[in-house]
Amino acid sequence: MGAFIGKQPREPVDMSGPKAEFVKETISRDKVVIFSKSYCPYCVMAKEQFKKLDQSFLAIELDKRDDADEIQDILEEMTGARTVPRVFIQGRCVGGGTDVKKMYESGELKNALQ
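Anyway, here's the lowdown on the structure attached to this text. No experiment lies behind these values; they were computed from the predicted model shown.

## Re the packing of helix α2 (residues 41-52) against helix α4 (residues 97-106)
The interhelical angle for the contact between α2 and α4, taken along N-to-C directions, is 25 degrees, at an axis separation of 8 Å. Here α2 lies roughly parallel to α4, going by the angle between them. For the element pair α2 and α4, the recorded crossing hand is left-handed. Of the residues in α4, those touching α2 at Y42, M45, A46, Q49, F50 and K52 are G97, T98, V100, K101 and Y104. Considering only residue class, the contact of α2 with α4 consists of six nonpolar, three polar and two charged.

Following this line, the structure appears as structure tokens:
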């Protein structure tokens, strides 16, 4: 028999557990929340758009946390994507770095923050 090639199936995500509650509460508590990795250029790009608008944000730097994989699994369950950044404005996921940059360029980001 051949070897299994590809991603190993992940454990089901506990969307009522303490990590999921942390993610949900964080998203609901702050106006702008960015789940990020400090070395990621797309994360830096997303943060820069908010800085240009002088908008404060909460950045959760997953590369500095032991539970990063679990949080990314939760974000995937919530948003359909596991990649960072995952950017939330007023509790709603608006996408990643490229999405936020496009929103900035079109003026949509400024409107979403009002």
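## Looking at helix α1 (residues 18-29)
Spanning 12 residues, α1 covers 16 Å between terminal C-alpha atoms, matching the ideal 16 Å at 1.5 Å per step. Taken together, the buried positions of α1 are occupied by A20, V23, T26 and I27. Angular distribution of buried residues about the axis of α1 spans 130 degrees; they occupy a single face of the element. Of the exposed residues in α1, those oriented more than 90 degrees away from the buried face are P18, S28 and R29. Where α1 is buried, its residues contact β1 (32-36), β2 (58-61), α3 (68-79) and β3 (86-89).

Scoring rules and cut-offs
Residues numbered from 1 in each chain as written. Predicted model: local features only at pLDDT ≥ 70, side-chain atom pairs only at ≥ 80, totals over all residues. Heavy atoms only, no water. Axes fitted to C-alpha atoms, helices over the stretch in contact; angles between N-to-C directions. Helix = DSSP H or I, 4+ residues; strand = E, 2+ residues; numbered from the N terminus. Parallel < 35°, antiparallel > 145°, perpendicular 65-115°, else oblique. Left-handed = near helix turned anticlockwise from the far one by under 90°. Contact = heavy atoms within 4.5 Å. Nonpolar A, V, L, I, M, F, W, Y, C, P; charged D, E, K, R; others polar. Expected span 1.5 Å × (residues − 1). Buried < 20%, exposed > 50% of the residue type's maximum accessible area, 1.4 Å probe, protein only. Arc of directions from axis to C-beta.

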